[in-house]
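Spelled out, the chains give:
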Amino acid sequence: METLNLSVRVDANDKKSFEQFCNSVGMNVSTAINMFIKAVLREQRLPFEVRSNTFEDTVYEKLKEAEAEMSNTSKRYSKEEILESMNDMIG
């Protein structure tokens, strides 16, 4: 089987940390990358979830912001104000 070199750019700190991790589990970077490639080819997908910020994440973040704001101020919001704000987020 012919082998080729694969060159990728990676943050210097990430590379060092990844090398340390690989060493701690008894393998080198090349073995770890080859395992990743084999997993992708075998499963025909990335072996982890890749996703963007979903609507649910946005709502959760906004609720956490509102909770923090309410904790740090005496202002209270009516049910109508809350519903209006949520409707604005939904668009």
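Model, not experiment: these values are computed from the prediction.

Q: Describe the layout of surface pockets, listing the residues and the values that go with them.
A: Put simply, the largest pocket is a space of about 750 Å³. If you trace the largest pocket, you find 19 residues lining it, with Leu6, Ser30, Ile33, Asn34 and Ile37 closest to the centre. Looking at the lining of the largest pocket element by element, the count peaks at 8 residues for helix H2 (residues 29–43). Of the residues contributing to the lining of the largest pocket, the split by class is 11 nonpolar, 3 polar and 5 charged. In this structure, the second largest pocket spans a volume of roughly 350 Å³. Lining the second largest pocket are 12 residues, with Lys62, Leu63, Ala66, Ile82 and Ser85 positioned closest to its centre. Contributions of two or more residues to the lining of the second largest pocket are made by helix H3 (55–71) and helix H4 (79–90). With 6 residues, H3 is the largest single contributor of residues to the lining of the second largest pocket.

What counts as what
Residues numbered from 1 in each chain as written. Predicted model: local features only at pLDDT ≥ 70, side-chain atom pairs only at ≥ 80, totals over all residues. Heavy atoms only, no water. 1 Å grid on protein atoms, 1.4 Å probe; cavity = no way out; pocket = protein on both sides within 12 Å on 5 of 7 lines; lining within 4 Å. Points joined across faces, edges and corners; volume = space filled by probe spheres on them. Helix = DSSP H or I, 4+ residues; strand = E, 2+ residues; numbered from the N terminus. Nonpolar A, V, L, I, M, F, W, Y, C, P; charged D, E, K, R; others polar.

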